[in-house]
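Listed below are the residues making up each chain.
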Amino acid sequence: MCGIIAAASTRNVGKLLVQGLHKMEYRGYDSAGIALHQENSIAHLRSVGKVQLLEEKMIEEKPKSKLGIAHTRWATHGEPSEANAHPHKSKESVYIVHNGIIENYVELKESLIAKGYDFTSQTDSELIAHLLDFFINKGNSMIEAMYLAKEKLDGAYAIAAIDLKDNSNLVVARNKSPLLIGLGTDEMFAASDPLAIAQLTNDFIFLEDGDVASISAEEYKIYDSSKAEVTRDVTHIDISSQATSKGDFRHFMEKEIYEQPEAVSSTIDGRIGGEDVLDNIFGLGSSDLFSKVERIQIVACGTSLHAGRVAANWFSSIAELPCQIDYASEYRYRNPHVDKNSLLITISQSGETADTLAALNYAREKDYLASLTICNVPTSSLARESDFSLFTNAGPEIGVASTKAFTTQLAGLMLLALSLAKSRNLNPLLRGRIIKALRLLPETIAEALLCKEKMIEIAPSIANKDNALFLGRGIFYPIAKEGALKLKEISYIHAEAYPAGELKHGPLALIDENMPVIALAPESEIAEKLISNLEEVKARGGTLYVFADPSVNMDVKAGHLIHMPKCDFFMTPIVYNIPLQILSYEVALLRGTDIDQPRNLAKSVTVE
Ligand code: AGP
């Protein structure tokens, strides 16, 4: 989704701003732009499509500047076009970039038009430039103008602005949309994503909602919502360039798939000991709190929600706790009843998903015992706003399609199920068995990754289809859903998932020779029933791709039976997901899609 980078320096900033935009390409965007202060004018370049095109314009025009703002836009209001791309300007003087959505933009736009402002875009963002210009022209400083503008704006925003009348300062503001300051030597930066400036500094200040800041090459000043100057902590983060480059892999998604054994080790390491999970791994006091928990509520989106659906099974079978799970975007609109001693769990790779954050904020008003997040980004809003947390330590996930984040979320959620069981003095033998299996998990995942050749062999027979059906039962239904999501988001093949028993209640009508049916058949008490469901598919000409326990043997006719590594049943959802990721990747490769940045999608969905 949209990305902001801004810089004030004693050297030229054009090139480093564009480099920062490249670093944010993974987030998903459709146009890019830059505004560079040049003493008597502001150079303003925008292009639709890849940042590369903006870079070509920069090479042609060679603007020199020590103060600038730049942006990648993911369209919300108005199509992807040069006119709608950021930065937006007011009277060749005030230039802004904006992430988020201004909810009252229609009325604000009308009032600015009445004041004589011309609008050249269909966006909700352009009015911010006009509002700032209006207040600056009334004699206010940029900072004062930003506060006055904030009073008018409803919605979520991260804003960076420059004014022709000031060649050394940029002003930023944050409300419900991530924004940080990066501290350099003789230069300062602002960005919506630390990765954008990770090559320039390791020292970051994460702004809080309501903050406004002025930034020059030499200094920064931060003011809170009451306009008082405040000091915010400096966080040192060393994001290695290795973590943010593809290395020898063709795509970040491919790299991230094959990083999973190591990523899962990082999730588990230091959190288990002997035959049990260690105490307080979710934060000081978490083990005590867990002994009081009587019910769980999970909210998350997309892949993270699928991880939650798997975990709901574990909370029930390992910790003997009931669990309700909601799409974060739906949760607060169903007027949820909260039972006493309920624990709220959010799950998110980015920790910046607007719907999940909104659900957490809504839940804060309710009577939850506490909130806990399973998250991959320790500096994220979700991490900072939750009472307890466990960071999955997967390292940056750049591919839009979530892979290692999902696998490590599952490992983290298993630790949570074990911790809840331990605090409730439940199932010590089972806990010991699962800990043993968790220790073996990185190895088992490495073994599952060896199915690559087989996936390459079967990918062509799926790549030439328009639809696919994924089947699983019990805890494998969410894994089937995740498999379908992966295939559709990167290959653009329409894919759906069903609990296999539901087939004959409707979807069986879809089965013919053009419908690949991908089924998950681990050894379980319902394996036989699943096999009967698959026989029904076979009898109707559907091509079967069955991922199964070595003990499962069935005649798949012209289809494929792929035996998975043997492992403890509690690890099977994690392990069976691996070949589905590889299959989607290989199918997408054959279809020539933009795997790391699939069309229309964004990595971090920061608007509701
Ligand atoms: C998965 O491949 C997705 N791109 C998407 O569903 C993602 O999981 C979802 O947007 C939630 O993101 P989060 O984990 O960062 O909150």
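Residues numbered from 1 in each chain as written. Predicted model: local features only at pLDDT ≥ 70, side-chain atom pairs only at ≥ 80, totals over all residues. Heavy atoms only, no water.

## Brief notes about the site of the ligand
Part 1 of the reasoning: Close to the ligand lie 15 residues, the nearest being Ser304, Ser348, Ser350, Thr353 and Glu489.
Part 2 of the reasoning: In this structure, Glu489 approaches the ligand through a side-chain N or O atom, which is 2.4 Å from an oxygen atom.
Part 3 of the reasoning: In isolation the ligand offers 410 Å² of accessible surface; the protein chains occlude 90% of this area.
Part 4 of the reasoning: When residues of the shell around the ligand are traced back to their parent elements, those giving at least two are helix H10 (302–317) and helix H17 (476–491).
Part 5 of the reasoning: Tallied by class, the residues present in the shell around the ligand amount to five nonpolar, eight polar and two charged. (Near = heavy atom within 4 Å. Polar contact = N/O pair within 3.5 Å; in protein donor to acceptor, adjacent residues only side chain to side chain. Areas by Shrake-Rupley, 256 points an atom, 1.4 Å probe, with all protein chains shown as cover. Helix = DSSP H or I, 4+ residues; strand = E, 2+ residues; numbered from the N terminus. Nonpolar A, V, L, I, M, F, W, Y, C, P; charged D, E, K, R; others polar.)

## Side note on the sheet that holds strand E11 (residues 203–206)
Part 1 of the reasoning: Pairing is antiparallel in the open sheet, where eight strands are placed in the order E3-E2-E4-E1-E10-E9-E11-E15. Each end of this open sheet is capped by a strand with a single partner; those strands are strand E3 (42–48) and strand E15 (235–236).
Part 2 of the reasoning: The pairing of strand E1 (residues 3–9) with strand E4 (residues 67–73) spans six bridges and is classified as antiparallel. If you follow Ala8 over to E4, its bridge partner there is Leu67.
Part 3 of the reasoning: Contacts from helix H2 (residues 51–61) reach strand E2 (31–37), E3 and E4 within the one sheet, and its direction differs from that of E3 by about 145 degrees. (Pairing = 2+ DSSP bridges. Contact = heavy atoms within 4.5 Å. Axes fitted to C-alpha atoms, helices over the stretch in contact; angles between N-to-C directions.)

## Overview of the pattern of salt bridges
Part 1 of the reasoning: What the rule picks out here adds up to 29 salt bridges.
Part 2 of the reasoning: Where Lys404 meets Glu259, a salt bridge forms, and the shortest distance between an N and an O atom there is 2.8 Å. Residue Lys404 is found in helix H14 (residues 404–423), and its partner Glu259 is found in the loop between helix H7 (252–258) and helix H8 (260–268); the two are separated by 145 residues along the sequence. Across this residue pair, the class does not change: Lys404 and Glu259 are buried.
Part 3 of the reasoning: Here Arg295 ties to Asp339 by a salt bridge, and the two come within 2.8 Å at their closest N and O atoms. Of the two residues, Arg295 sits in strand E18 (residues 295–300) while Asp339 sits in the loop between helix H11 (328–331) and strand E20 (342–348), which places them 44 residues apart along the sequence.
Part 4 of the reasoning: Taking relative accessible area as the criterion, Arg295 reaches 31% and is therefore assigned partly exposed.
Part 5 of the reasoning: Because the salt bridges share partners, they merge into one network encompassing Glu208, Asp211 and Arg232. (Salt bridge = Lys/Arg side-chain N within 4 Å of Asp/Glu carboxyl O. Buried < 20%, exposed > 50% of the residue type's maximum accessible area, 1.4 Å probe, protein only.)

## Section: the packing of aromatic side chains
Part 1 of the reasoning: A complete count under the given rule lists eight aromatic pairs for this structure.
Part 2 of the reasoning: Seen in terms of ring centroids, Phe476 and Tyr576 are 5.4 Å apart; in terms of plane orientation they differ by 70 degrees. Their pairing is edge-to-face. Placement of Phe476 in helix H17 and of Tyr576 in helix H19 (residues 572–591) is noted, with a sequence separation of 100 residues between them. Across the pair, Tyr576 and Phe476 agree in class, each one buried.
Part 3 of the reasoning: Of the aromatic side chains, those joined through ring pairs into one cluster are Phe476, Phe569, Phe570 and Tyr576.
Part 4 of the reasoning: Here the guanidinium or amino end of Arg309 rests over the ring plane of Tyr327, the centre of that ring lying 5.6 Å away.
Part 5 of the reasoning: The ring centre of Tyr492 lies 3.8 Å from the NZ or CZ of Arg599, which sits over that ring. (Phe/Tyr/Trp six-rings, centres within 6.5 Å; stacked < 30°, edge-to-face > 60°. Lys NZ or Arg CZ within 6 Å of the ring centre and 35° of its normal.)

## A word on the state of the cysteines
Each disulfide is one covalent bond, formed between the sulfur atoms of two cysteines.
Part 1 of the reasoning: According to the stated counting rule, one finds zero disulfides in the structure shown.
Part 2 of the reasoning: Between Cys2, a free cysteine, and Cys301, which holds the nearest cysteine sulfur, the sulfur-to-sulfur gap is 17 Å.
Part 3 of the reasoning: This cysteine, Cys567, is not joined by any disulfide, and Cys451 carries the nearest cysteine sulfur, 13 Å off.
Part 4 of the reasoning: By relative accessible area, Cys567 is classed as partly exposed at 22%. (Disulfide = S-S within 2.5 Å.)

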